[in-house]
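# Fold and geometry: a report
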Amino acid sequence: MTPAPVPPGATLGFLGGGQLGRMTAMAARTMGYDVRVLDPERDCPARPVASHVITAPWADAGAAAELARGCAAVTLEIEQIPRASLEAVGAIAPLHPGVESVVIVQERARQKEWLLANGFPLGPFRTVRDAASAGTAVAELGRSIVKSAMGGYDGRGQIRVRTATEGVTAFESLRAPVCVVEAFLDIATEISVLVARRADGAMVAYPTSRNFHTDGVLTWAVTPSGVDATRETQATTLAQGIAERLGIVGLLATEMFVLRDGTLLVNELAPRPHNTYHHSERAHPTSQFEQLVRAITGLPLGATAVVRPAAIHNLLGDLWAEGAPDFTRALAIPGVRVHLYGKHEARPGRKMGHLSADGATPEEALDRVCAAYRTLTV
Ligand code: ATP
Ligand code: MG
């Protein structure tokens, strides 16, 4: 039986008060929900938006239970939360996405083995548990990337290698009990698909976003992606199939590679809002943040068609090396907005905010946001 929708006015809980939690909390606030947050960092980005913030490490199942008490539903902005804490939430309030789907996604090797077992297309990879096996995997796969199975994000916990010896050294220096060795793929384009799914199985997909990474970190993203209609349909079907099979309630982002020979492969999954859909605030009637709130509360899912081409460019902490950048010239460019996450400490590589822009075409949106970004770098 489908539960009755959670009406505005109720309290929603967030595991994680980083930028994704903050932007989702703002959408929840707009709709009239109260927001409570759990985050290991006291001054987390969502703090100003939440009525109650619990500061505790992810492994603190008692704190997770405390968050859940009084919440009509709980969601998350980070998947790497220990099972015991997820279960502690789930025992008290509906947790969306549920424990089992998060546990599958949160460990890279488990996620890839699950995708493989369920027939979803992946590049060649090996799961390895010791340095010698990492060496053997590189010898078999050739040029590869050794990725730690736990804890990696924004290209961290990854080492690019060419030889078996480098594979051995990479495994040792990652100091992870489990790694995945992935063949280095000949990528033409990176795209992603965001799917929202409700507890009753209702589902919507956003049109694909085209994404550009530098050293494993997202630099910019733009919608419409410009991939052909066949590829678009293929990507959507794939993403919806994965969300359904995982039983996701909430959001699922599927990162994909389009290879030079046209093959479409899954890179990785994220059961939450995703950096490559930050411009959903501009490109679609429903932002990914509002959509997550709708999905977990059982409200009607919002429209996802492209109403206006839009793009984002990430702002990393490097830009703050000599103090906060001056956004005056960036904001003078038509269609440009600045989004800052309220992080107090700027570290190199840390995501501090993003710029967004719209345009008559995706090219114009991307040109504008990149031009705005360049004004910050000189
Ligand atoms: P994030 O959390 O930012 O999504 P991550 O740290 O989990 O990233 P991945 O998504 O695994 O890392 O990889 C980051 C980027 O590195 C990819 O988007 C792609 O540009 C590149 N990359 C990853 N795996 C491969 C591969 N097998 N072959 C070629 N390039 C790759
Ligand atoms: Mg990724």
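Small disclaimer: the values here were computed from a predicted structure and weren't measured. (Residues numbered from 1 in each chain as written. Chains lettered and ligands numbered in written order. Predicted model: local features only at pLDDT ≥ 70, side-chain atom pairs only at ≥ 80, totals over all residues. Heavy atoms only, no water.)

Bringing the sheet that holds strand β2 (residues 34-39) into the picture now. Taken together, the 4 strands give an open sheet; going across it, the order is β3-β2-β1-β4, and neighbouring strands pair in parallel fashion. Looking at strand neighbours, the two that pair on one side only are β3 (52-55) and β4 (73-76), the edges of this open sheet. In this sheet, adjacent strand axes meet at a mean angle of 20 degrees when their direction is disregarded. (Pairing = 2+ DSSP bridges. Helix = DSSP H or I, 4+ residues; strand = E, 2+ residues; numbered from the N terminus. Axes fitted to C-alpha atoms, helices over the stretch in contact; angles between N-to-C directions.)

The subject of this paragraph is the state of the cysteines. Note: disulfide means a covalent bond formed between the sulfur atoms of two cysteine side chains. Under the criterion given, the structure shown has 0 disulfides. You can see Cys44 has no disulfide; the closest cysteine sulfur is in Cys71, sitting 14 Å from it. Classification of Cys44 as buried rests on a relative accessible area of 2%. (Disulfide = S-S within 2.5 Å. Buried < 20%, exposed > 50% of the residue type's maximum accessible area, 1.4 Å probe, protein only.)

Let us now look at the environment of Leu301. Topologically, Leu301 is positioned in the loop between α10 (288-297) and β15 (310-316). The buried category is assigned to Leu301, whose relative accessible area is 17%. Residues Leu301 and Arg197, 104 residues apart in the sequence, show an inter-C-alpha distance of 8.1 Å. Discounting residues that sit within four places of it in the chain, Leu301 has contacts with Ala196, Arg198, Ala202, Met203, Val204, Gln291, Arg294 and Ala295. (Contact = heavy atoms within 4.5 Å.)

Distances from the magnesium ion (ligand 2) to its protein donors, namely Glu255 (OE), Glu255 (OE) and Glu268 (OE), fall within the range 2.0 to 2.8 Å. In this pair, Glu255 sits in strand β13 (residues 250-259) while Glu268 sits in strand β14 (residues 264-270), placing the two residues 13 residues apart along the sequence. By relative accessible area, which is 13% here, Glu255 ends up buried. (Donors = N, O, S within 2.8 Å, 3.2 Å for Na, K, Ca; no water.)

Now for the packing of helix α2 (residues 61-68) against helix α3 (residues 83-90). In the contact formed by α2 and α3, the axes pass within 8 Å of each other and the chain directions differ by 25 degrees. One element, α2, and the other, α3, form an angle in the roughly parallel class. The interaxial crossing formed by α2 with α3 has right-handed handedness. Where α2 abuts α3, its residues Ala61, Ala64, Ala65 and Ala68 lie against Ala84, Ser85, Ala88 and Val89. Its residues assigned to classes, the contact of α2 with α3 shows 7 nonpolar, 1 polar and no charged. (Parallel < 35°, antiparallel > 145°, perpendicular 65-115°, else oblique. Left-handed = near helix turned anticlockwise from the far one by under 90°. Nonpolar A, V, L, I, M, F, W, Y, C, P; charged D, E, K, R; others polar.)

The next subject is the site of ligand 1. Among the 20 residues in the neighbourhood of ligand 1, the closest are listed as Lys147, Gly155, Gln158, Glu190 and Glu268. Between ligand 1 and the protein, one listed contact pairs a nitrogen atom with a side-chain N or O atom of Glu182 at 3.1 Å. Expressed as a share of its isolated accessible area of 620 Å², the protein-covered part of ligand 1 is 93%. For the shell around ligand 1, the secondary-structure elements that each account for two or more residues are β6 (144-148), β7 (158-161), β8 (179-183), β9 (187-197), β13 and β14. When its residues are assigned to classes, the shell around ligand 1 shows 7 nonpolar, 5 polar and 8 charged. Each of domain 2 (124-183) and domain 3 (187-376) gives at least three residues to the shell around ligand 1. (Near = heavy atom within 4 Å. Polar contact = N/O pair within 3.5 Å; in protein donor to acceptor, adjacent residues only side chain to side chain. Areas by Shrake-Rupley, 256 points an atom, 1.4 Å probe, with all protein chains shown as cover. Domains from an automatic or database assignment.)

The next point concerns helix α4 (residues 99-106). Summarising burial for α4: 7 of the 8 residues are buried, a large majority. The complete set of buried residues in α4 reads Val99, Ser101, Val102, Val103, Ile104, Val105 and Gln106. Those residues of α4 that are buried lie in contact with β4, α3, α5 (108-117), α8 (229-246) and β14.

On domain assignment, one finds that the protein chain holds domain 1 (11-95), domain 2 (124-183) and domain 3 (187-376). Computed from C-alpha atoms alone, the centre-to-centre distance between domain 2 and domain 3 is 28 Å. Counting residues at the interface gives 6 residues for domain 2 and 6 residues for domain 3. Between domain 2 and domain 3, roughly 400 Å² of surface is buried when both sides are summed, and carbon and sulfur atoms account for 35% of that area. In this structure, the connection of domain 2 to domain 3 is made through 0 salt bridges. At the junction of domain 2 and domain 3, the tally comes to 1 residue pair in polar contact (both at pLDDT 80 or more). (Buried area = accessible area lost by both parts, 1.4 Å probe. Salt bridge = Lys/Arg side-chain N within 4 Å of Asp/Glu carboxyl O.)

Looking at the secondary structure, you find Thr219 in strand β12 (residues 217-223). In contact with Thr219, not counting residues within four places along its chain, are Phe212, His213, Thr214, Ile312, His313 and Asn314.

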